[in-house]
Amino acid sequence: QDSRTHSLHRRFLVARFQVLPWSGLCRQMAGVFFDFDELDSIEEEALAAKPAESHANSGGDNDAHRASVVSTADGPAASEGEFGRGSDVYSTADSDECLSEVWPDDLPNDLEALVPAETSTGGSDVGGIGRGGEDDFDVPRLWEVIFSRVVVRASPQLDAPVVSIRSRLELIFEDLGRSDTNWVKLVDGFGFVLKDGRLKDPKLGMLLKPFALPDQVVVPQQFKQRVFCALRDAWARIREERPLLNPGDIRKLRKIGEDALRANGKGGGFDVARCEGLLSTEVQALLEAWAPKGGGRGAGRGSRGGQAAGLGRGPGAAQSGYVSTQAPTGLLGGGPAAAGQPAAAFGGGSGFGGGGWGAGGGGAAPWRHDAPALGAAPFSDVSAATPAFARRLLESMARLSLPSAQDAAAMLSQVVHICSGLPSLTRLEVPEGATLHVIGDIHGQYWDLFHILDTFGEPSPTNMYLFNGDLVDRGQFSVEVALAVFVWKLALPDCVHVNRGNHEAEWMNMLFGFQAEAKLKYSEAIFRLFSEAFRSLPLATVVNGSVFVVHGGLSELPGLRLDHIEAVERIREPRDGDQLMIELLWSDPMDYYGFQPSPRGGGVLFGPDVSRRFCDDNDLLCIIRSHEMKPDGFEWTHGGVCLTLFSAANYCGICANLGAVCSINPRAGMRRLERCDLSIQTFEASAAPPGLSNNAGGFIFFA
């Protein structure tokens, strides 16, 4: 399909499944659900039947939101702004908060296909930039990407293959050797970018705008060629190192260029040689900052304000933001990672999707099944699943040492036994002096879970956890995430609680990778046990009678009460359940009042009046839900009544979002919660072991 539409007929005319590792689309030919979820970061109202004229964004680039702890006592602190859609003016929307040109049908099956083998950076006879770019016809123009993501196509046709992606604020250098009013041909000959997205779909606007020089900077005509080449070469050097740039990289490179131009565009003249030198020096410094300290490049960013969580590359590197060979201190500390084991044991740098093993690859898998055992073989004793055992198991899985199939089966069977006896709505009391940490989507990003437990402490009667669904799918370590959460549930069943998400569903797991991962690491039988455990999970939790925690959102059933949710017969697959069950797992908030059909195909979009009425009818303070990636890891909407919480940082390795955790601390002598009892802490992505990725790509196959 060539456009993302809300019309029902497209839902029922899909002829085959197609699953893309980070596009966020799942198609079911029976017409049940789409999964337009977190990755596209598209505001749902833009796809609803009523067109949106403006959009309030959450200030994704606001550094104040990136502080370690964000108080929520006074409600949402996000700044608001507006931008037009489908107009003739150039959009200035915040990144990840506007429509994206990238749609699932655009993308190749393999993210590696988006990384060019070579990028030419020299020998161009093109040059020059102008203040708006449109006035300088003797030199090629520079363009700036103004949508979240745009695609680079092999030829100037909408159905041409996608060869790369460019993100908001990236500069595009145009080769005017080919004249086309609708397309920009890249100077390196690498592809074409559409200028006006309305040629593809009316909901899109301008995708590019002419690059404008910084204020009060004028480049003399005779120097424009050299300045253009210097900027072009700077971007090319960065793209050689990181072909797919995240927003942070783009902002750094833009600042380097603007600083060099300003430093040489003031005073009585323009020193072009100094400008070129500054650009080259600063880009080299940036590349060196990314380089390893006594080893290979770190596998990912460390958590803000602390050591990188996970295994790593060079001794002492954690103090400078790189990954250390030591596990972090605290809960998960205590000794070198994978003692005495070379990095090659972790996959030799190819990652799980490299084809060296599994799915016909023929090589040895990078994991083992020699984790601490539940009792003496051949028996598994689930009573041995103590906090000390849980701690050892998590440390072992961080070294790619999994429990035996027998122990995994025993743990999953016990989870089914415990959780199937719970009501569909858990009523949880956090005692005075205790803390409950609410965790959003993790999606198989084990080292983010690792970091959360290390930062907030292991579960205990005074340090409780509530995982709000979507433990699995997309990330390469979904088995480890699910087993880690479940072993703590077994060790401390009254201190660790788990809500079901829309990805705790068998058919979603078949499409988004968890089934493939479970079969490769264990077997089809173990996957079926995981599915049974997922079906047993409660649908929602009420904390101290005040805060309603659910994965998706609310239902359009009239007069929805907590008792209705508690009465749902949930131990089934969602598509076999009733309307209420589906909407609790799949719904999303929107800015409009009332309800609208969801572009996901399952659940509904619900407005601020719906959230307020539900809270008033059930005497609740607010709703905490997950289900959507947010740039800052969280977002308050509906006048501070609805909190979205997402805990998979740098989601799928490309979104550059923060992760967030909401901690609930009841005040002394007060059972009922108030806003001041809720606080949110954010964190950056944590690193995976050498040669592996914390994110998606390894276990998603294509029909």
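Structure: above.
Residues numbered from 1 in each chain as written. Predicted model: local features only at pLDDT ≥ 70, side-chain atom pairs only at ≥ 80, totals over all residues. Heavy atoms only, no water.

**Re the pattern of salt bridges**
We apply this condition: The rule for a salt bridge is simple: a side-chain nitrogen of Lys or Arg has to be within 4 Å of a carboxyl oxygen of Asp or Glu. Secondary structure follows DSSP: runs of H or I at least 4 residues long count as helices, runs of E at least 2 residues long count as strands, and numbering of each begins at the N terminus.
Tallied over the full model, the rule gives 28 salt bridges. We note a salt bridge from Arg239 to Glu170, for which the minimum N-O separation is 2.7 Å. Here Glu170 lies in the loop between strand 4 (162-167) and strand 5 (171-173) and Arg239 lies in helix 2 (residues 224-241), a separation of 69 residues in the sequence. One salt bridge connects Arg254 with Glu258, and the closest N-O pair in it is separated by 3.6 Å. Here Arg254 and its partner Glu258 are both found in helix 3 (residues 247-264), four residues apart, which amounts to about one turn of the helix. Through salt bridges with shared partners, a single ionic network connects Glu506, Lys519, Glu524, Arg528, Arg535 and Glu573.

**Details of the sheet that holds strand 8 (residues 208-210)**
Test applied: Being paired, for any two strands, means DSSP has found at least two bridges between them. Lines fitted to the C-alpha atoms define the axes, with helices restricted to the stretch that makes contact. Angles between their N-to-C directions range from 0 to 180 degrees.
Read across the open sheet, the three strands follow the order 5-2-8; overall the sheet is antiparallel. Each edge of the open sheet is held by one strand with a lone partner, namely strand 5 and strand 8. Across the sheet, the axes of successive neighbouring strands diverge by a mean angle of 35°, strand direction being ignored. Two elements, strand 2 (residues 142-145) and strand 5, share three bridges in a ladder whose sense is antiparallel. By the bridge assignment for strand 5, Leu142 is matched with Phe173.

**What about the packing of aromatic side chains?**
Cut-off, in case you're wondering: Any two rings among Phe, Tyr and Trp, with Trp reduced to its six-membered ring, count as a pair given centres within 6.5 Å; such a pair is stacked if its planes are under 30 degrees apart, edge-to-face if over 60, and tilted if neither. The rule is simple: take the accessible area with a 1.4 Å probe, protein chains only, and divide by the maximum for that residue type; under 20% is buried, over 50% is exposed, in between is partly exposed.
Counted by the stated rule, this structure contains 14 aromatic pairs. For the ring pair Phe514 and Phe530, a centre distance of 5.0 Å and an interplane angle of 80° mean the geometry is edge-to-face. Taken together, the positions of Phe514 in helix 10 (residues 514-521) and Phe530 in helix 11 (residues 524-536) put the pair 16 residues apart, joining distant regions of the chain. Accessibility classification places Phe514 together with Phe530 in one group, the buried group. Through a chain of ring-to-ring contacts, three or more aromatic side chains come together here, namely Phe486, Phe514, Phe527, Phe530 and Phe534.

**A closer look at the environment of Pro243**
Structurally, Pro243 is set in the loop between helix 2 and helix 3. Separated by 78 residues in the primary sequence, Pro243 and Ile165 have C-alpha atoms spaced 8.9 Å apart.

**Quick word on the sheet that holds strand 15 (residues 588-589)**
The strand order 15-17-16 describes an open sheet built from three strands, whose pairing is mixed. Two strands bound the open sheet, and with one partner strand each, they are strand 15 and strand 16 (595-597). Two elements, strand 15 and strand 17 (residues 604-606), share two bridges in a ladder whose sense is parallel. Looking at strand 17, one finds that Asp588 is bridged to Leu605.

Any functional reading would require information beyond the geometric quantities listed.
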